[in-house]
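Listed below are the residues making up each chain.
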Amino acid sequence: MTADMVPESTPNQDARHANQMWGGRFAAGPSAVMARINVSIDVDKRLYSQDIGASKAHAAMLAKQGILNAADAEAIIKGLDQILGEIEAESFVFERSLEDIHMNVESRLTDLIGPAAGRLHTARSRNDQVATDFRLWVRDAIDRHDRQFRALQQALIEQAERHAATVMPGYTHLQIAQPVTFGHHLLAYVEMIGRDRSRLADCRARLNENPLGSAALAGTSFPIDRFVTSAALGFDRPTANSLDAVSDRDFAIEFQAGAAIAAMHLSRLAEELVIWTTDAFRFVRLSDAFTTGSSIMPQKRNPDAAELVRAKAGGMIGHLVGLLMMMKGLPLAYGKDMQEDKAPTFEVSDTLELCLAAMTGMISDLTVDPAAMRSATERGYITATDLADWLVRRLGLPFRQAHHVTGSIVKRAEDKGCGLAELTLAEMQAVLPEITMEVFAVLSVDRAVASRTSYGGTAPEQVMTQVNAARARFL
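The structure contained in this document is the topic of the report that follows. (Residues numbered from 1 in each chain as written. Predicted model: local features only at pLDDT ≥ 70, side-chain atom pairs only at ≥ 80, totals over all residues. Heavy atoms only, no water.)

## Examining the pattern of salt bridges
Evaluation of the coordinates by the stated rule reveals 25 salt bridges. A salt bridge links Arg-108 to Glu-86, with the shortest nitrogen-to-oxygen separation between them at 2.8 Å. Here the residue Arg-108 occupies a position in helix α5 (residues 101–113), and Glu-86 occupies one in helix α4 (residues 70–88), the gap between them amounting to 22 residues. Judged by relative accessible area, Glu-86 falls into the buried class, the value being 13%. One connected set of salt bridges, linked through shared partners, spans Glu-99, Asp-100 and Arg-126. (Salt bridge = Lys/Arg side-chain N within 4 Å of Asp/Glu carboxyl O. Helix = DSSP H or I, 4+ residues; strand = E, 2+ residues; numbered from the N terminus. Buried < 20%, exposed > 50% of the residue type's maximum accessible area, 1.4 Å probe, protein only.)

Have a look at this one:
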């Protein structure tokens with residue numbers, strides 16, 4: 001018999017099949033369909049470490065406040081430590097009939113220490129319990145990802161230092177615009193990732209309030225000390241409003257939003273790697289570790305890792321939209337809809353972790369072809385802006401007039417099928433007689449790059465300044 005064929009429970013089923021959490025209220029257990037839609041242990045078992053840690057803090061606080069006697073508290077904490085060991089040793093049996101991680105842990109604790117396990121749930125609800133566990137999990141995830149972001153920044157900075165003077169075309173609209181250095185280009189992504197880290201750090205700071213003790217929605221009449229559990233769990237403070245505490249999922253939304261923006265940044269870099277590895281560019285080469293071949297074309301080297309990083313951004317962005325849509329219609333306080341917040345958050349975190357690892361690997365061992373990059377700067381009249389700037393500096397033209405004159409000179413080069421530096425002085429003077437031989441000095445790509453000495457510019461000396469500054473800021 002398949003799961004779809006399991007008959008639903010009937011109202012006259014034996015009461016022993018009723019869920020142990022609310023057996024006093026319900027005479028019969030849930031239908032098979034209800035059990036299937038309601039169970040979450042397959043997803044939320046990932047919260048086991050946070051759940052056990054929060055339960056230990058809660059038990060210690062209850063004992064400190066005289067709500068739980070010392071012997072029971074000691075037995076509970078010892079039992080929870082044993083359960084943690086069992087889960088980490090993969091010997092723990094998760095029971096789907098117990099719905100979630102909270103009841104699986106409590107049931108096993110009862111097996112180990114008897115009725116005293118039931119005292120652990122004093123002055124708390126699954127509502128504040130899961131809110132606490134989930135915050136702790138997201139906080140841990142942010143810390144993990146920050147280390148990964150840092151590693152990617154380090155890889156980018158090292159490549160940027162190596163190629164601080166490697167000239168390449170800079171693009172707008174994917175059209176050749178002005179010459180830059182490859183190091184300068186990579187440092188742009190260091191800045192993006194720095195903002196990603198900052199966003200997640202802000203998320204971490206905001207989420208670092210403790211919901212535990214808010215109970216179902218209204219707080220509790222027991223004389224608990226929420227500041228004690230907050231300190232034990234590394235929270236800055238308890239949440240200020242019990243209704244908000246159990247119903248808030250802003251931290252998960254913020255985390256997913258930060259991850260989605262980071263995924264967008266990674267996708268942009270992945271797209272550039274895809275472009276740069278094409279035969280039309282050949283700016284870089286990815287190693288065998290991050291490329292694949294073709295089942296039919298022996299010559300192919302496909303940048304599949306970059307393409308998959310690019311693709312996975314869509315799913316991460318989609319999860320963010322899904323969570324926003326789920327939360328938008330929920331009245332206070334808790335709704336079971338919120339059970340659906342964890343699976344997408346876990347998946348976003350897993351995907352971000354994978355994409356960061358892949359991108360760090362690709363950046364670390366890519367091979368750059370400086371000759372191909374320099375060759376590309378010979379196209380697209382890449383020093384046209386430098387010509388316009390020279391007309392402003394040396395001849396005193398207003399920039400708009402200089403822009404017009406330069407455009408006319410570019411048109412002459414285009415008609416002749418040559419570069420700007422290949423025009424004769426006479427051909428330039430036919431557009432503007434005041435132009436002198438001195439103009440040819442600014443038409444050099446190296447000169448153009450070296451001249452961009454403004455703070456944050458692409459001159460190699462500036463790139464090295466920013467490499468050192470980035471190390472100090474981010475590493």
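## Here we look at the packing of helix α6 (residues 126–162) against helix α7 (residues 182–207)
In contact at an axis separation of 9 Å, α6 and α7 are set at 165° when each is read in the N-to-C sense. Classed by the angle they form, the pair α6 and α7 counts as roughly antiparallel. When the axes of α6 and α7 are compared, the crossing they make is left-handed. A per-class count over the contact of α6 with α7 returns 15 nonpolar, four polar and nine charged. (Axes fitted to C-alpha atoms, helices over the stretch in contact; angles between N-to-C directions. Parallel < 35°, antiparallel > 145°, perpendicular 65-115°, else oblique. Left-handed = near helix turned anticlockwise from the far one by under 90°. Nonpolar A, V, L, I, M, F, W, Y, C, P; charged D, E, K, R; others polar.)

## Focus: empty space enclosed by the protein
Here the structure, examined in full by the defined rule, presents one cavity of 30 Å³ or more. By volume, the largest cavity is sized at about 40 Å³. The wall of the largest cavity is formed by Tyr-171, Leu-174, Glu-272, Ile-275, Trp-276 and Phe-281. In terms of residues, the lining of the largest cavity owes the most to one element, helix α10 (residues 250–276), which gives three residues. Counted by class, the lining of the largest cavity contains five nonpolar, no polar and one charged residues. (1 Å grid on protein atoms, 1.4 Å probe; cavity = no way out; pocket = protein on both sides within 12 Å on 5 of 7 lines; lining within 4 Å. Points joined across faces, edges and corners; volume = space filled by probe spheres on them.)

## Focus on the environment of Pro-223
Counting through the fold element by element, Pro-223 comes out in the loop between β3 (209–210) and α8 (226–232). The spatial distance from the C-alpha of Pro-223 to the C-alpha of Ala-469 is 52 Å, given a sequence separation of 246 residues.

## Some remarks on the packing of aromatic side chains
Under the definition given, this model contains seven aromatic pairs. For the ring pair Phe-134 and Phe-346, a centre distance of 6.3 Å and an interplane angle of 85° mean the geometry is edge-to-face. In this pair, Phe-134 is assigned in helix α6 and Phe-346 in helix α12 (residues 342–365), connecting sequence segments 212 residues apart. Classification of Phe-346 by relative accessible area gives buried; the value is 3%. Cation over ring: Arg-46 sits above Phe-346, and NZ or CZ is 4.8 Å from the ring centre. Residue placement shows Lys-342 over the ring face of Phe-134; its charged tip is 5.3 Å from the ring centre. (Phe/Tyr/Trp six-rings, centres within 6.5 Å; stacked < 30°, edge-to-face > 60°. Lys NZ or Arg CZ within 6 Å of the ring centre and 35° of its normal.)

## Some remarks on the packing of α10 against α12
At a minimum axis distance of 10 Å, the contact between α10 and α12 shows a crossing angle of 30°. With respect to α12, the element α10 is oriented roughly parallel. The handedness of the crossing between α10 and α12 is left-handed. Touching Ala-252, Phe-255, Gln-256, Ala-259, Ala-262, Leu-266, Leu-269, Ala-270 and Leu-273 of α10 are Pro-344, Thr-345, Val-348, Ser-349, Leu-352, Cys-355, Leu-356, Met-359, Met-362 and Ile-363, all from α12. (Contact = heavy atoms within 4.5 Å.)

## Some thoughts on the nonpolar core
Counting 91 residues, the largest nonpolar core has Leu-156, Leu-273, Val-284, Met-359, Met-362 and Ile-363 as the members making the most contacts within it. Sort the elements by how many residues they give to this core and α10 lands first, with 15 residues. When near neighbours in sequence (up to four residues on either side) are disregarded, Met-359 contacts Leu-152, Leu-266, Leu-269, Ala-270, Leu-273 and Val-309. The next biggest cluster of nonpolar side chains, apart from the first, holds 21 residues, and it includes Leu-387, Ile-409, Ala-413 and Met-428. (Core = buried A, V, L, I, M, F, W, Y, C linked by side-chain atoms within 4.5 Å.)

Function cannot be read off these values alone, since they describe shape.
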